[in-house]
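Here is what each chain is made of, one letter per residue.
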Amino acid sequence: MRIKIRTSKWAIWARRLGSMAVPLLVLPVLLHRQGFVDSAIFLVLIVFAGAVAGLALLVSLAALGRLWFSGDRGWGPALAGLVLALACLAPFAFYGNLALTYPAVTDMATAPRGELPLIFEPDTAAMPPPLVLSPQEQEDIFPNAMTRGYPLDVVQLFALVERLVAANGWEVRRRTEPLNSLSEGRINARIATLPGWREEAVLAVRPTAQGGRVDMRSASIGAPLDFGGNGNRISDFMVALDSEVTAFLRDNPTINAPAPAEEAVPEVETGSGA
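In every chain, residue numbers begin from 1 and rise along the written sequence. Under the rules for a predicted model, residues below a pLDDT of 70 receive no local features and side-chain atom pairs below 80 are neither given nor counted, while totals for whole chains, interfaces and linings still include all residues. Side-chain metrics rest on all non-hydrogen atoms present in the structure, leaving aside hydrogens and water.

### Here we look at the overall build of the chain
Secondary structure elements are defined from DSSP: runs of H or I of at least 4 residues count as helices, runs of E of at least 2 residues count as strands, and each element is numbered from the N terminus. From N to C terminus, the chain includes seven helices and six strands. Reading the chain from its N end, one meets helices and strands in the order α-α-α-β-α-α-β-α-β-β-β-β-α. For a compact globule the rule gives 2.2 Å times the number of residues to the power 0.38, and the radius of gyration it is set against comes from C-alpha atoms. A compact globule built from 274 residues would reach a C-alpha radius of gyration of about 19 Å, whereas the chain, at 29 Å, exceeds it by more than 25%. Considering only C-alpha atoms, the chain reaches an extent of 145 × 40 × 35 Å along its principal axes. Only protein chains enter the accessibility calculation, which uses a 1.4 Å probe; a residue is then buried when its area is under 20% of its type maximum, exposed when over 50%, and partly exposed in between. For the chain, the residues scored as buried account for 37% of the 274 residues in total. The long-range share in the chain, meaning contacts at least 24 apart out of those at least 6 apart in sequence, stands at 67%. A contact between two residues is defined here by any heavy atoms of the two lying within 4.5 Å.

### Remarks on the packing of aromatic side chains
Any two of the Phe, Tyr and Trp rings considered here, Trp counted by its six-membered ring, make a pair once their centres fall within 6.5 Å; the pair's planes then place it as stacked at under 30 degrees, edge-to-face at over 60, or tilted in between. Across all of its chains, the model carries five aromatic pairs by this definition. For the ring pair Phe-42 and Trp-197, a centre distance of 5.3 Å and an interplane angle of 80° mean the geometry is edge-to-face. One end of the pair, Phe-42, is in helix H2 (residues 39–70); the other, Trp-197, is in the loop between strand S4 (185–192) and strand S5 (198–208), and 155 residues separate them in sequence. Between the aromatic rings of Tyr-95 and Phe-227, the centroid separation amounts to 5.1 Å while the plane-to-plane angle is 65°, which identifies the pairing as edge-to-face. In this pair, Tyr-95 is assigned in helix H3 (residues 75–101) and Phe-227 in the loop between strand S6 (211–220) and helix H7 (229–251), connecting sequence segments 132 residues apart. Through successive ring pairs, a cluster of aromatic residues spans Phe-94, Tyr-95 and Phe-227.

### Thoughts on the packing of helix H6 (residues 154–168) against H7
Running from N to C, H6 and H7 cross one another at 130°; their axes reach a closest spacing of 10 Å. Between H6 and H7, the interaxial angle falls into the category oblique. In the packing of H6 onto H7, the handedness of the crossing is right-handed. The segment H6 lies against H7, with Leu-157, Leu-160, Val-161, Arg-163, Leu-164, Val-165 and Asn-168 engaging Phe-237, Ala-240, Leu-241, Glu-244, Val-245 and Phe-248. Axis definition: a line fit to C-alpha positions, over the contact stretch in the case of helices; interaxial angles, taken between N-to-C directions, run 0 to 180 degrees. Every angle not falling under 35 degrees, over 145, or within 65 to 115 is termed oblique; those three ranges are roughly parallel, roughly antiparallel and roughly perpendicular. Left-handed describes a crossing whose near helix is turned anticlockwise from the far helix through less than a right angle; right-handed describes the clockwise counterpart.

### Section: a nonpolar patch on the surface
Each patch is built from residues that are more than 30% exposed by relative accessible area and take part in no salt bridge. Like charges join if they lie within 9 Å; nonpolar side chains (Val, Leu, Ile, Met, Phe, Trp, Tyr) join within 5 Å. Here, Shrake-Rupley sampling with a 1.4 Å probe gives the accessible areas, and only protein chains in the shown set may cover a residue. What counts as a salt bridge is simple: a side-chain nitrogen of Lys or Arg found within 4 Å of a carboxyl oxygen of Asp or Glu. Taken together, Val-22, Val-26, Leu-27, Leu-30, Leu-31 and Phe-36 make up a surface patch of nonpolar side chains, about 540 Å² in accessible area. In this fold, Leu-31 is placed in helix H1 (residues 9–33).

### Notes on the side chain of Gln-138
Note that Gln-138 resides in helix H5 (residues 135–141). Distance and chemistry together define a polar contact, namely a pair of N or O atoms within 3.5 Å, with one atom able to donate a hydrogen and the other to accept it when in protein, and with adjacent residues in sequence counting only for side-chain atoms on both sides. A distance of 3.0 Å separates a polar atom in the side chain of Gln-138 from the backbone oxygen of Ala-109. Gln-138 has contacts with Met-108, Ala-109, Thr-110, Leu-133, Pro-143 and Ala-145, leaving out every residue within four places of it along the chain.

### A short note on the nonpolar core
Grouped together as the largest cluster of nonpolar side chains are 28 residues, with contacts concentrated most on Val-161, Trp-170, Val-214, Phe-237 and Leu-241. Listed by contribution, the elements that provide at least two residues to this core are H6, S4, S5, S6 and H7. Beyond its immediate stretch of four places on either side in the chain, Trp-170 contacts Val-165, Ala-189, Arg-190, Ile-191, Ala-201, Leu-203, Met-216, Arg-233 and Phe-237. Nonpolar cores were defined as sets of buried Ala, Val, Leu, Ile, Met, Phe, Trp, Tyr and Cys residues, with membership established by side-chain atoms within 4.5 Å. Of all hydrophobic cores here, the second largest spans 12 residues; its members include Ala-11, Leu-17, Ala-63 and Leu-64.

### A closer look at the packing of H2 against H3
Helices that pack against each other are described as a pair by the angle of their axes relative to one another and the distance between those axes. Two elements in contact, H2 and H3, have axes separated by 8 Å at closest approach and are oriented at 145°. The interaxial crossing formed by H2 with H3 has left-handed handedness. Residues Ile-46, Gly-50, Ala-53, Gly-54, Ala-56, Leu-57, Ser-60, Leu-61, Ala-63, Leu-64, Leu-67 and Trp-68 of H2 lie in contact with H3, whose contacting residues are Trp-75, Ala-78, Leu-79, Gly-81, Leu-82, Ala-85, Leu-86, Cys-88, Leu-89 and Phe-92. A class-by-class count of the residues in the contact of H2 with H3 yields 18 nonpolar, four polar and no charged. Note that Gly is not counted as nonpolar here; it falls among the polar residues with everything else outside the nonpolar set of Ala, Val, Leu, Ile, Met, Phe, Trp, Tyr, Cys and Pro and the charged set of Asp, Glu, Lys and Arg.

### What about H7?
Expected helix span is computed as 1.5 Å times (number of residues minus one). The end-to-end C-alpha distance of H7 is 33 Å, a good match for the 33 Å that 23 residues give at a rise of 1.5 Å each. Residues of H7 that are buried include every one of Asn-230, Gly-231, Arg-233, Ile-234, Ser-235, Phe-237, Met-238, Leu-241 and Val-245, and no others. Against strand S1 (107–109), strand S2 (148–150), H6, S4, S5 and S6 lie the buried residues of H7.

### Comments concerning the environment of Asn-188
Here Asn-188 shows up in strand S4. With relative accessibility at 2%, the residue Asn-188 sits in the buried group. Those residues in contact with Asn-188 that sit more than four places away from it in its chain are Pro-117, Leu-118, Ile-119, Glu-171, Val-172, Arg-173, Arg-174, Glu-200, Ala-201 and Val-202. From its side chain, Asn-188 meets the backbone oxygen of Pro-117 in a polar contact 3.1 Å long.

### Points about the environment of Pro-122
Within the secondary structure layout, Pro-122 lies in helix H4 (residues 122–125). For Pro-122, a relative accessible area of 73% puts it in the exposed group. The sequence separation of Pro-122 and Pro-151 amounts to 29 residues, and the corresponding C-alpha distance is 39 Å.

This is the structure in structure tokens:
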């Protein structure tokens, strides 16, 4: 008598749920990055995708357990469901680790936020109240996210800041160039994170008695948390600016040297004496 070996329904559903979780995760990210869905809808969709991926993980584990004892077919579908579920849950684990590593913050600045205003747009108007750190907390967690002062005038310093913004690939929305060494320059730029969250960076270059100073603000527009992104963005930018200024001063050692005084021209008496 021939014994019929059946395929486990648990294994079939594990593969189905794992296959379903992939587009549920990828499509909202693509739509969010392109601006076809707003952040609130994206958050609902991504949580639903995570729930489906979690269910696929549980079903695949249950399927593997049943297959071990029953001897049914379905190892391939069960393992496929397990792999797909783990792949979809990996981003959640990654961002969950960041959420545990960094405090709950959505806005960070090296100067009072009133001095570094965001561009008023529909998405900024709908922003929730910002989550901020105290100055001491910010210094402890992001020691490099602080104001920088350099022995360069604002015109020279603004050019370096602008070049670094372009190198980062940020989308400049507003640019105010300093007219002279006594005026202020400002850049407002937008950044899209990998999941599609919009964030805005504001850079202000202002004159000082010793040269110029740079302040920066980085704010999440719709994300509930920044996962350390704003603090790390300011820190990375300021460290990179330190290197840019150092290289510029090295290549231009006389940039701050006083201009040579003009030689005095001897007075020449004209006319006839009495």
